[in-house]
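An overview of the molecular structure
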Amino acid sequence: MTTSSILRVDNIHVIYDQVILGARGISLELPEGRIHALLGANGAGKTTTLKAISGLIRAERGEVTCGSIHFAGHDVLKSDPAALVSQGLVQVLEGRHCFAELDVDENLRVGAFVRTPSRADLRRGLERIYTYFPRLAERRRSRAGYLSGGEQQMLAIGRALIASPRLVLLDEPSMGLAPQIVIEIFEIVRRLNHEEGVSFLLAEQNAAIALRYSDHAHILENGRIAGSGPSAELAERDDVRASYLGIGAEGRRSFREARHYHSRRREH
Amino acid sequence: MNFFLETLIGGLLAGTMYSLVAIGFVLIYKASGVFNFAQGAMLLFAALNCVSLQEAGLPFPAAVLASVSIMIVLALAIERAVLRPLVGRSQITLFMATLGLSFIIEGLAQGLMGAEVRALDLGIEDVPITIGDIMVSQFDLFAAATAGILVLVLALLFNKTRIGVSLRAVADDTRAALSIGINLNRIWQIVWAVAGIVGLVAGLLWGARQGVQFALSLVVLKALPVLIIGGFTSIGGAIAGGLIVGAAENLAEVYAGPLLGGGITPWFAYFLALAFLYVRPAGLFGERAIERV
Ligand SMILES: Nc1ncnc2c1ncn2[C@@H]1O[C@H](COP(=O)(O)OP(=O)(O)O)[C@@H](O)[C@H]1O
Ligand SMILES: [Mg+2]
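Residues numbered from 1 in each chain as written. Chains lettered and ligands numbered in written order. Predicted model: local features only at pLDDT ≥ 70, side-chain atom pairs only at ≥ 80, totals over all residues.

Turning our eyes to something else, we now look at the overall build of chain B. Counting its regular elements, chain B contains 11 helices and two strands. In terms of overall dimensions, chain B is globule-like: its C-alpha atoms have a radius of gyration of 19 Å, near the 19 Å expected for 293 residues. Taken across its 293 residues, chain B has 47% of its residues classed as buried. Contacts in chain B between residues far apart in sequence, at least 24 positions, make up 76% of those at least 6 positions apart. (Helix = DSSP H or I, 4+ residues; strand = E, 2+ residues; numbered from the N terminus. Rg over C-alpha atoms; globule rule 2.2 N^0.38 Å. Buried ≥ 20, exposed ≤ 12 C-beta atoms within 10 Å, placed from the backbone. Contact = placed C-beta atoms within 7 Å.)

Below you can see the structure in the form of structure tokens.
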């Protein structure tokens, strides 16, 4: 198992600004070619965990104070993000973060530069992304800032994939998107996983969709893992259904709770 | 009417020199979110280097090439010694750092190369030539053409090269750039080097006009109103701002100056900038401020 795991995180603790706790003792293991999910409410520590893995945490004055992170067998705790991207580990940031002033084509190109591709490779890379995301192909020359939310999410994923990663850390891909678009995006994630063997670690507040499209999931609460298991099993567990899927023994969550949950999602 | 046109054109041409100075600021502000107070010192340093090397016997093109190399080394040093250690600090911290940097560079420049005024001859005589029936300064034309070529080269760099697209990506969203493996340190090195080279060109043009001396670093104060008018984040804005300031200054001096007792050039640009601040606080082409990681 250890040799075939693309990612192994052992008991990491993360602090911001030398005081604020972001994660306290997270461990997880992702076998190559799988899709795993991190579930949890806003502030649970999902983004912190992903950024600790990708090294981006240091750009936000965060620090992994103890524990270890191995990517494809190598200790990457001290690696800088650019080195990790060129080794095949790339994060798609929460909130998409496309380059608004650049057009779709340029957004994708710039994602490939880390590998210093030849012109021909670059062209092939672009065509590959456009086959997965035909909607983007139609808008090649539009500025990213003018795309819809769903298109921007596709662009952010495409921009990460063009560097041919082995592992993609995908932070809240469903955020603020209409349900059909969310399904469209998760279907593409599944295809990329099946057809190209890309592994995914995805963070989601939308537990229903994440459990449907992942093999295995971890539930985060207050910077700790509160539960883990195969996604299909978790989806059947009563406590998970009550706290994360909004379906309890007494039926649906109260309206107020549900509304609170939804408005929090939207504002974040 | 001809006199009006002459005044206007003279102003516009002189304005391109302001634009040049402002472009150096915009480049650095866009890529690293810093208002680089040291831009004036860099400009002085570059021009001093060039005249000193020329005085030492180097032919002009060689002196320019050597000065370009020196500006590149300076950019590498600044990135390593100032920007990298201060990454993630507040804007005011970075601004203070560039303030300190400007004194260090000025001190270094004058310590090494002396404080007296040096003449710089670019081989362009400052005599008027007549186009149609309008008289324009030959030097102004040359300066404007140089500025135009420089802007064209920058536009090609930004739009047609990988480094340029990466640069725009960093200016657009630094975090996202980091997440896809763009090396921020290298981008900062490149931007500061390009700003240094733009500073060299501006320094040579200004130096040829008013002598290479300490006061050259004060052309920064001319760039400030240009930036307020054009916005801190747009090269197009810097160009437009420079042209507006140049033209308005010249027209005001000629037409309003006599009414106000003359000599309004030193403050008129600030007056104009203040007026713009009321109407368009972000400048003509200004965008929201970018945030640096
Ligand atoms: N840049 C930051 N600086 C300080 N604290 C942060 C920062 N990012 C996250 N935190 C804190 O870390 C905890 C976990 O946040 P986060 O990882 O963003 O959660 P999630 O992604 O699950 O919503 C929260 O308490 C949050 O306030
Ligand atoms: Mg998050």
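Here the narrative resumes.
With that settled, consider the sheet that holds strand S4 (residues 62–71) of chain A. All names here are of chain A. The strand order S2-S1-S4-S5 describes an open sheet built from four strands, whose pairing is antiparallel. In this open sheet, the two strands that pair with only one neighbour each are strand S2 (20–31) and strand S5 (74–75). As defined by bridge partners, S4 adjoins S5 across two bridges and the pair is classed as antiparallel. Its bridge partner lying in S5, Phe71 is registered against His74. (Pairing = 2+ DSSP bridges.)

We now examine the interface of chain B and chain A. With 17 residues of chain B in contact, the opposing surface of chain A contributes 24 residues. Elements that contribute at least two residues to the side of chain B that touches chain A include exactly helix H6 (162–172) and helix H7 (174–179) of chain B. Among the elements that line the side of chain B that touches chain A, the one with the most residues is H6 of chain B, at six residues. Across the side of chain B that touches chain A, the residue classes tally to seven nonpolar, five polar and five charged. (Nonpolar A, V, L, I, M, F, W, Y, C, P; charged D, E, K, R; others polar.)

So, on to the site of ligand 1. Residues and elements named next belong to chain A. Taken together, the neighbourhood of ligand 1 is formed by 13 residues, with Tyr16, Gly22, Lys46, Thr47 and Thr48 sitting nearest. Among the elements of the structure, S2 and helix H1 (46–54) are those that each provide at least two residues to the shell around ligand 1. By residue number, the principal contributor to the shell around ligand 1 is H1, which donates three residues. Tallied by class, residues from the shell around ligand 1 come to three nonpolar, seven polar and three charged. (Near = placed C-beta within 6 Å.)

Now for helix H7 (residues 179–196) of chain A. Residue and element names in this part refer to chain A. Between its first and last C-alpha, H7 extends 25 Å over 18 residues, near the 26 Å set by a 1.5 Å rise per residue. Of all the residues in H7, the buried ones are Val182, Ile185, Phe186 and Val189. One side of H7 holds all its buried residues, which, seen down the axis, span an arc of 95°. The exposed set on the far side of H7, more than 90 degrees from its buried face, consists of Gln180, Glu187, Arg191, His194 and Glu195. Summarising the contacts, the buried residues of H7 are in contact with helix H6 (149–161), strand S8 (199–204) and helix H8 (207–213). (Expected span 1.5 Å × (residues − 1). Arc of directions from axis to C-beta.)

Before going further, it helps to examine the sheet that holds strand S7 (residues 167–171) of chain A. Residue and element names in this part refer to chain A. Here we have six strands laid out as an open sheet, ordered S6-S7-S8-S3-S9-S10, and mixed in their pairing. For this open sheet the edge positions go to strand S6 (89–92) and strand S10 (224–230), each flanked by a neighbour on one side alone. Adjacent strand axes in the sheet meet at a mean angle of 15°, parallel and antiparallel pairs treated alike. Pairing of strand S3 (residues 35–39) with S8 involves five bridges; the strand directions are parallel. Bridge pairing in S8 places Leu38 opposite Ala203. (Axes fitted to C-alpha atoms, helices over the stretch in contact; angles between N-to-C directions.)

On to unusual backbone geometry. All names here are of chain A. At Asp17, a position not held by glycine, the phi torsion is positive, near 50°. Relative to the helices and strands, Asp17 is located in the loop between strand S1 (5–16) and S2. Phi at Thr116 is positive, roughly 40°, even though this residue is not glycine. Residue class for Thr116 comes out exposed when judged on the 10 C-beta atoms lying within 10 Å of it.

Take the nonpolar core next. Counting residues in each nonpolar core, the largest one holds 170 residues, and the members touching the most others are Ala22, Ala47, Ile180 and Val191 of chain B. When residues in this core are grouped by element, the largest group, 18 residues, is from helix H8 (residues 184–210) of chain B. If sequence neighbours within four positions are ignored, Ile180 of chain B has contacts with Val85, Val90, Val110, Gly111, Val114, Arg159, Ala160 and Ala163 of chain A. (Core = buried A, V, L, I, M, F, W, Y, C linked by C-beta atoms within 7 Å.)

Glancing now at helix H2 (residues 39–55) of chain B. All names here are of chain B. Taking 1.5 Å of rise per residue, 17 residues should cover 24 Å, and H2 covers 24 Å from first to last C-alpha, within 8% of that figure. Where burial is concerned, most of H2 is hidden: 14 out of the 17 residues are buried. Gly57 lies just past H2 and shows a positive phi near 110°.

Taken by themselves, the reported measurements are silent on function.
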